[in-house]
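Next come the chains, spelled out residue by residue.
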Amino acid sequence: MNNVVVTGMGLISPLGLSVQESWNHAVAGTSGIGPVNRFQREKFPTQMAGEVKNFDAKKYFEPKEINRWDLCIQYGIGAALDALADADLQITPEIAERVGIVIGSGIGGLFGISNTTLNLEKNGPRAVTPFFIPSVIINMISGLLAIRTGAKGLNYGVVSACATSNHSLADGLYAIQRGDADVMVVGGAEASVTEVAFAGFCSARAMSRRNDAPEKASRPFDKDRDGFVLSEGAGVLVLESEEFAKRRGAKMYARVLSAGMTADAFHFTAPPEDGNGAMRAMKLAVQHAGLQPEDIDYINAHGTATGLGDIAETVAIKSCFGEHAKNILVSSTKSMHGHLLGAAGAIEAILTILAMKEGIVPPTINLENPDPQCDLNYVPNTAVKKEIRYALSNGFGFGGTNATICFGKI
């Protein structure tokens, strides 16, 4: 079975427009969350988000193309092109059929859907652009990237709510392991900071309402947490078989060892109190990697700052790792970048990989009054230096879907 390594990473996030900028802010414990600037926020009970700042689509698209593609697609293509550049990979005709792409999204082109619906209502069917459908479908990120780069291997988009990016990573890992590809470009993108998304999540009372202090709104594992903070962006990773990467002299960030995937079969939004599905996902990831529970040094938690979710994940970690759970560093970087829904797992995978590479664990900021039911070491407020040999990154989504990725240090 082929060993799989990460050779390139691209990131567009509320923390920055590059991997390095986002990493620097994460290690510093800097929040990327602020008041919403994209629409009139005052009409919503939640008025802040993790918006991407100063994104320039002209870096990745011709001017005539920009209005054609939904912002979700723009973020995804941008992060993917940056990841390929970071990997220093040219997709030549000789390798094109061995390069696949799986980039997904939890919701996809909400801007295009909502804006086109309003335009249709106001101006009639003739006002709807012929690019509408292609501009909002989720697999178009992978499709456009293949057209841009010439990659001719397997190509599709994953949709599994907030576990999307982890499932994309898993699919990329498996495609290389089973010999279907030498290179897989994988990740997720999301651009859901829109009025319709805000209306839906506010109606569900799922988002924080700490509008007077946006930078303190995302508070995973804190007793005073009051919901997640909606964010946007994209993360993309280039995976290669280790043999292929070595043959072309590529740098290698980390190994992707395994994935564990389960279902709660419990509720469409809430996890079971015992976190059984999450526990089984982590357990499978550890087993598939050929490791023991005591080998895991760090977990990048799903940690959304919801009342039920944070407790269930804590219970799941303790159930999976037993006494070793208290030795594991666990942090939720969502405390800084918010919840990118389908793109969350990709940004968190990248930050997990850099934590391994640099020997620094990003903190969980805003952890000022820990919930008594959340009693692990969540790296409160300040980054910690630690050698990390093996790490997990968790992603759990609506519908009760769970996916955990296991990484190993090079």
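The preceding data block contains the structure.
An account of the accompanying structure is given in this report. Here the structure is a predicted model, which is why all the values come from computation and not from measurement.

**Focus on the pairing of strand β4 (residues 99-104)**
Right, on to step 1. For β4, a buried count of six out of six residues is recorded, marking the element as mostly surrounded by other parts of the structure.
Right, on to step 2. Taking every second residue as pointing to the same face, both faces of β4 are buried, with Val99, Ile101 and Ile103 on one and Gly100, Val102 and Gly104 on the other.
Right, on to step 3. Bridge count between β4 and strand β6 (residues 183-190): six bridges; the pairing is parallel. Within the sheet, the bridge partner assigned to Ile103 lies in β6 and is Gly187.

**Some details on the layout of surface pockets**
Think of a ball as big as a water molecule: rolled over the atoms, this probe shows where empty space is left.
Right, on to step 1. When its volume is computed, the largest pocket comes out at roughly 820 Å³.
Right, on to step 2. Taken together, 41 residues make up the lining of the largest pocket; nearest its centre are Thr269, Ala270, Thr304, Thr306 and Phe398.
Right, on to step 3. With six residues, helix α11 (residues 307-321) is the single largest residue contributor to the lining of the largest pocket.

**Here we look at the environment of Asn402**
Right, on to step 1. As for its placement among the helices and strands, Asn402 is situated in strand β14 (residues 401-409).
Right, on to step 2. Along the backbone, Asn402 and Gly260 are 142 residues apart, and their C-alpha atoms lie at a distance of 8.0 Å.
Right, on to step 3. Discounting chain neighbours no more than four positions away, the residues touching Asn402 are His167, Gly260, Met261, Thr262, Ala263, Asp264, Gly277, Ala278, Ala281, Gly395 and Phe396.
Right, on to step 4. Side chain to side chain, Asn402 and Asp264 meet in a polar contact 3.0 Å long.

**Focus on the packing of aromatic side chains**
Right, on to step 1. Under the counting rule described, the total for this entry stands at seven aromatic pairs.
Right, on to step 2. Seen in terms of ring centroids, Phe44 and Phe198 are 5.8 Å apart; in terms of plane orientation they differ by 70°. Their pairing is edge-to-face. Within this pair, whereas Phe44 is found in the loop between β2 (34-35) and β3 (48-49), its partner Phe198 is found in helix α8 (residues 195-203), the two being separated by 154 residues in sequence. Just as Phe44 is buried, Phe198 falls in that class too.

**As for the sheet that holds β14**
Right, on to step 1. Reading across from one edge, β5-β4-β6-β7-β1-β8-β14-β13-β9-β10 is the order of the ten strands in this open sheet, with mixed pairing throughout. Edge positions in the sheet fall to β5 (155-156) and β10 (329-331), since each of these pairs with one other strand and no more.
Right, on to step 2. Two elements, strand β1 (residues 4-12) and strand β8 (residues 254-263), share three bridges in a ladder whose sense is antiparallel. Across the sheet, Val4 pairs through a bridge with Val256, a residue of β8.
Right, on to step 3. Lying on the sheet, helix α3 (residues 71-87) is in contact with β1, β4, β6 and β7 (233-241); it crosses β1 at an angle near 135°.
Right, on to step 4. This element, helix α6 (residues 140-149), spans β4, β5 and β6 of the sheet and lies at about 145° to β4.

**Observations regarding unusual backbone geometry**
Right, on to step 1. The residue Asn54 is not glycine, and still its phi comes out positive at about 65°.
Right, on to step 2. By the secondary structure assignment, Asn54 is in the loop between β3 and α2 (63-66).
Right, on to step 3. Judged by relative accessible area, which is 71%, Asn54 ranks as exposed.

**Some thoughts on the nonpolar core**
As a rule of thumb, nonpolar side chains are buried together in soluble globular proteins.
Right, on to step 1. If you look at the biggest cluster of nonpolar residues, it comprises 47 residues, and the most contacted ones within it are Met9, Leu237 and Leu239.
Right, on to step 2. If you tally residues by element for this core, the top one is helix α13 (residues 344-358), at ten residues.
Right, on to step 3. Setting aside residues no more than four positions away along its own chain, Met9 makes contact with Val19, Asp82, Ala83, Asp86, Val236, Leu237, Tyr253, Ile350, Ile353 and Leu354.

The rules we used
Residues numbered from 1 in each chain as written. Predicted model: local features only at pLDDT ≥ 70, side-chain atom pairs only at ≥ 80, totals over all residues. Heavy atoms only, no water. Buried < 20%, exposed > 50% of the residue type's maximum accessible area, 1.4 Å probe, protein only. Helix = DSSP H or I, 4+ residues; strand = E, 2+ residues; numbered from the N terminus. Pairing = 2+ DSSP bridges. 1 Å grid on protein atoms, 1.4 Å probe; cavity = no way out; pocket = protein on both sides within 12 Å on 5 of 7 lines; lining within 4 Å. Points joined across faces, edges and corners; volume = space filled by probe spheres on them. Contact = heavy atoms within 4.5 Å. Polar contact = N/O pair within 3.5 Å; in protein donor to acceptor, adjacent residues only side chain to side chain. Phe/Tyr/Trp six-rings, centres within 6.5 Å; stacked < 30°, edge-to-face > 60°. Axes fitted to C-alpha atoms, helices over the stretch in contact; angles between N-to-C directions. Core = buried A, V, L, I, M, F, W, Y, C linked by side-chain atoms within 4.5 Å.

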